[in-house]
Amino acid sequence: MRACQCTFCRRHGALSTSDPAGSLRLYVTDIDLVQRYRFGLGITDFLICRRCGVYVAAMMDMDGGRYAVINAGVLERRDELIAPVLPMEYGGEDEAARLARRRMRWTPVQASPDL
């Protein structure tokens, strides 16, 4: 689990987690409740619930597929997660470095067509 040190992630209490060997399914029942937010390099959609304001996941298209990290704080069984939390600083990355890191770490995702 990673704790990004940017203002956005700190304010949302985000603990990002991913598994490049795993898979993630993101489906919504009401797309009107999903707010997309982009900042920094503008290459990633941060998905925020319009009802409660929580940051749910970050998702991007890359290499012909979709990849994501999820905010572990939104998981129902988050109390069972025992991995150490690593503070991370990504502010010095350029786009190429960011994409290279995400290729190695992010989880392939299947998402609702409207996401």
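Located above this text is the structure these notes cover.
Each value, and the rule that gives it
Residues numbered from 1 in each chain as written. Predicted model: local features only at pLDDT ≥ 70, side-chain atom pairs only at ≥ 80, totals over all residues. Heavy atoms only, no water. 1 Å grid on protein atoms, 1.4 Å probe; cavity = no way out; pocket = protein on both sides within 12 Å on 5 of 7 lines; lining within 4 Å. Points joined across faces, edges and corners; volume = space filled by probe spheres on them. Helix = DSSP H or I, 4+ residues; strand = E, 2+ residues; numbered from the N terminus. Nonpolar A, V, L, I, M, F, W, Y, C, P; charged D, E, K, R; others polar. Core = buried A, V, L, I, M, F, W, Y, C linked by side-chain atoms within 4.5 Å. Buried < 20%, exposed > 50% of the residue type's maximum accessible area, 1.4 Å probe, protein only. Contact = heavy atoms within 4.5 Å. Phe/Tyr/Trp six-rings, centres within 6.5 Å; stacked < 30°, edge-to-face > 60°. Lys NZ or Arg CZ within 6 Å of the ring centre and 35° of its normal. Arc of directions from axis to C-beta.

**Student:** Describe the layout of surface pockets, naming the residues involved and giving the relevant values.
**Tutor:** In this structure, the largest pocket occupies an estimated 360 Å³ of space. Along the wall of the largest pocket there are 22 residues; nearest its centre are Cys4, Phe46, Tyr90, Arg98 and Arg102. Contributions of two or more residues to the lining of the largest pocket are made by strand E1 (2-4), strand E6 (55-62) and helix H2 (95-105). Its residues assigned to classes, the lining of the largest pocket comprises twelve nonpolar, five polar and five charged. Looking at the second largest pocket, its volume works out to about 260 Å³.

**Student:** Let's hear about the nonpolar core: which residues, and what values?
**Tutor:** In this structure, Phe8, Tyr55, Ala58 and Trp106 are the most contacted members of the largest nonpolar core, which totals 17 residues. Mapped onto this core, the elements with two or more residues apiece are helix H1 (7-12), strand E5 (45-49), E6 and strand E7 (65-71). It is E6 that provides the largest number of residues to this core, a total of four residues. Dropping the residues within four chain positions of it, Tyr55 is found in contact with Phe8, His12, Ala14, Ser16, Phe46, Leu47, Ile48, Val69, Asn71 and Val74. One finds Leu26, Ile70, Ala111 and Leu115 within the second-largest nonpolar core, a separate group that totals eleven residues.

**Student:** Residue-level account of the environment of Arg25, with values.
**Tutor:** Among the structural elements, Arg25 can be located in strand E3 (residues 24-26). Its relative accessible area of 62% is what places Arg25 among the exposed residues. Counting along the chain gives 35 residues from Arg25 to Met60, while the straight-line C-alpha distance between them is 14 Å.

**Student:** Tell me what's going on with the environment of Arg105, and back it up with residues and numbers.
**Tutor:** By the element assignment, Arg105 lies in helix H2. Since its relative accessible area comes to 31%, Arg105 is described here as partly exposed. For the pair Arg105 and Ser18, spaced 87 residues apart in sequence, the C-alpha separation works out to 6.5 Å.

**Student:** Describe the packing of aromatic side chains, with residues and values.
**Tutor:** This structure, assessed with the given rule, holds seven aromatic pairs. A centroid spacing of 5.4 Å and a plane angle of 70° characterise the contact between Phe8 and Tyr55, whose relative ring orientation is edge-to-face. Residue Phe8 is located in helix H1, and its partner Tyr55 is located in strand E6; the two are separated by 47 residues in the primary sequence. The buried category is assigned to Phe8, whose relative accessible area is 12%. Between Tyr37 and Phe39, the ring centres sit 5.3 Å apart and the planes meet at 25°, which makes this aromatic pair stacked. Residue classification places Phe39 among the partly exposed residues on the basis of a relative accessible area of 29%. The ring centre of Tyr90 lies 3.9 Å from the NZ or CZ of Arg101, which sits over that ring.

**Student:** Which residues make up H2, and what values go with them?
**Tutor:** Residues Arg98, Leu99, Arg101 and Arg102 constitute the buried set of H2. All buried residues of H2 lie within an arc of 165° about the axis, which places them on one face of the element. Pointing more than 90 degrees away from the buried face of H2 are the exposed residues Ala96 and Met104. Looking at the packing, one finds that the buried side of H2 touches E6.

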